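Residue-level structural notes
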There are 2 protein chains.
Amino acid sequence: MTTETAQVSALSAEDVLKHWQGHRGLTRRTIEAFPEDKLFSFSVGGMRPFSELVWEFIGMAIPIVDGVATGNWVKYNGSKPGTKAELLALWDAQTSELTAKFRTIPPRRFAEIDTAFGQWKMSGVGTIQYAVDNEIHHRGQGYVYLRALGIEPPQFWDR
Amino acid sequence: MTTETAQVSALSAEDVLKHWQGHRGLTRRTIEAFPEDKLFSFSVGGMRPFSELVWEFIGMAIPIVDGVATGNWVKYNGSKPGTKAELLALWDAQTSELTAKFRTIPPRRFAEIDTAFGQWKMSGVGTIQYAVDNEIHHRGQGYVYLRALGIEPPQFWDR
């Protein structure tokens, strides 16, 4: 059987949102698994501590959803949390904001090619996938930090 | 503007395939970046060497596409490569096979709930996403191994 795969819808916008939020839940549990001092200081191979990787996710999530929704690409300009509690509070605030804003994305914008932040030329959904993939990629690195600290990371399949 | 996000197609089957193959290309370059001995022996925090993580991807990719396409969930039973060249050759063979088989997936199977390998109850596309996410997650861990070895990993955005 041959399928015209380009014409078959595999994922709805809501599926993409749920997938992202599932990963965000896992990232939250990964943040929680770090002892406070290690979250802000520990790394392997000269890389950034996990708090800095999370700060990167925070800098991307809402600005990307805003950009896909509106065509306006505005860099995140919040101030960086200095404690685990502050980081988790900011994470939770963005989680709610992300769902609300995601659902305002006009349908045509998922496929529409745009230049995110004046630099990354991709479809709207491609830019969203990039943010999710980047979160999975760097969270996987956080798992190595946890293992190197002798801490069991959360189960990857638990979303 | 409010969108019925559950009704909006965000990704076609072909988009999902291209996204996966883009990641497979990056994983291939990550395998290549490892010195042969380190590929099979080096790790951080008591984790598996990168060759074992790649072996996990190989064990999932084609069996999952077969399972989604046909409803038959059969575990991979190939034999484990012992050299980098063998691992890359197997990777390349699967890359072609994956594209061909993916395009035979009947459209209804993406949304249909099935129990992958008698264990994981998900939609077809959910199972495919799990394989891709797992590859991104563990490849990110390979990046830490490379950094710990003083080797620059491939650019994450280059697919």
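Up top is the structure.
Each chain carries its own residue numbering, running from 1 in the direction its sequence is written. Whichever chain is written first is A, and whichever ligand is written first is 1; the rest continue in order. Only residues with pLDDT of 70 or above have their local features reported here, since the model is predicted, and side-chain atom pairs are shown and tallied only from 80 upward, although totals for entire chains, interfaces and linings are computed over all residues.

A short note on the nonpolar core
Most often, soluble globular proteins keep nonpolar side chains buried together rather than apart. Any nonpolar core is a set of buried residues, restricted to Ala, Val, Leu, Ile, Met, Phe, Trp, Tyr and Cys, that join up through C-beta atoms within 7 Å. Exposure is read from a count of other C-beta atoms within 10 Å of each residue's own; the residue is exposed at 12 or fewer, buried at 20 or more and partly exposed in between. C-beta atoms are placed from the backbone. Grouped together as the largest cluster of nonpolar side chains are 64 residues, with contacts concentrated most on Ala10, Val16 and Ile64 of chain A together with Ala10, Val16 and Ile64 of chain B. The contact criterion used is a C-beta to C-beta distance within 7 Å, with each C-beta placed from the backbone. Leave out the neighbours within four places in its chain, and Ala10 of chain A touches Leu11, Ser12, Ala13, Val16, Phe110 and Val125 of chain B.

Details of the environment of Pro107 of chain B
All names here are of chain B. Helix and strand definitions follow DSSP, with helices as H or I runs of at least four residues and strands as E runs of at least two, each counted in order from the N terminus. Along the chain, Pro107 turns up in the loop between α4 (84-102) and α5 (108-111). The partly exposed category is assigned to Pro107, around which 17 C-beta atoms lie within 10 Å. Spatially, the C-alpha atom of Pro107 lies 24 Å from that of Phe57, the residues being 50 residues apart in sequence.

Things to note about the relation of the copies chain B and chain A
Superposing copies: least-squares fit, C-alpha atoms only, residues required to have pLDDT of at least 70 in both. With an RMSD of 0.0 Å, the fit of chain B onto chain A corresponds to turning through 180° and sliding 0.0 Å along the axis. In the structure described here, the two chain copies are related by an operation that fits a two-fold rotation axis.

Some details on the packing of helix α1 (residues 13-33) of chain A against helix α6 (residues 124-148) of chain A
To describe two helices that pack against each other, one gives the angle between their axes and the distance between the axes. All names here are of chain A. At a minimum axis separation of 10 Å, α1 and α6 run at an interaxial angle of 25°. Classified by the interaxial angle, the pair formed by α1 and α6 is roughly parallel. Handedness of the α1/α6 crossing: left-handed. Where α1 approaches α6, its residues Val16, His19, Trp20, His23, Thr27, Thr30 and Ala33 are matched on the opposing element by Val125, Ile128, Val132, Glu135, Ile136, Arg139, Gly142 and Leu146. Axis definition: a line fitted to C-alpha atoms, over the contacting stretch in the case of helices. Angles run 0 to 180 degrees between N-to-C directions. An angle below 35 degrees is read as roughly parallel, one above 145 as roughly antiparallel, one from 65 to 115 as roughly perpendicular, and any other as oblique. We call a crossing left-handed when the near helix sits turned anticlockwise from the far one by less than a right angle, and right-handed when that turn is clockwise.

Re the interface of chain B and chain A
In this assembly, 39 residues from chain B lie in contact with 39 residues from chain A. Looking at the side of chain B that touches chain A, the elements with two or more residues in it are β1 (9-12), α1 (13-33) and α6 (124-148) of chain B. A class-by-class count of the residues in the side of chain B that touches chain A yields 20 nonpolar, 15 polar and four charged. Only when DSSP finds a minimum of two bridges between them are two strands counted as paired. Inspection of the sheet shows strand β1 (residues 9-12) of chain A paired to β1 of chain B by three bridges, in the antiparallel sense. Directly across from Leu11 of chain A, in β1 of chain B, lies its bridge partner Leu11 of chain B. Gly falls in the polar group here, along with every residue not listed as nonpolar (Ala, Val, Leu, Ile, Met, Phe, Trp, Tyr, Cys, Pro) or charged (Asp, Glu, Lys, Arg).

Considering α6 of chain B
Along an α-helix, residues three or four positions apart point the same way, because every turn accommodates 3.6 residues. Residue and element names in this part refer to chain B. A rise of 1.5 Å per residue sets the reference length of α6, with its 25 residues, at 36 Å; its end C-alpha atoms lie 37 Å apart and thus fit the reference within 8%. Summarising burial for α6: 21 of the 25 residues are buried, a large majority. Phi for Gly150, located one or two positions after α6, is positive at around 75°. To estimate how far a helix should extend, the number of its residues minus one is multiplied by 1.5 Å.

Focus: α1 of chain A
For α1 of chain A, which comprises 21 residues, the first-to-last C-alpha distance of 31 Å matches the rise-based estimate of 30 Å (1.5 Å per residue) to within 8%. Taken together, the buried positions of α1 of chain A are Ala13, Asp15, Val16, Leu17, His19, Trp20, His23, Arg24, Leu26, Thr27 and Thr30 of chain A.

A few points about the packing of helix α3 (residues 50-70) of chain A against helix α4 (residues 84-102) of chain A
Residue and element names in this part refer to chain A. At their nearest, the axes of α3 and α4 sit 10 Å apart, and the two run at 20° to each other. The orientation of α3 relative to α4 falls into the category roughly parallel. Crossing angle aside, the handedness with which α3 passes α4 is left-handed. In this structure, α3 contributes Ser51, Val54, Ile58, Ala61, Ile62, Val65, Asp66 and Ala69 to the contact, and α4 contributes Leu87, Leu90, Gln94, Glu97, Leu98, Lys101 and Phe102. Here the contact of α3 with α4 is built from residues that sort into ten nonpolar, two polar and three charged.

Quick notes on unusual backbone geometry
Residues and elements named next belong to chain A. A positive phi angle is found at Phe117, which is not glycine, with a value near 55°. Its location among the elements puts Phe117 in the loop between β2 (113-116) and β3 (120-123). The class for Phe117 is partly exposed, based on 14 C-beta atoms found within 10 Å.

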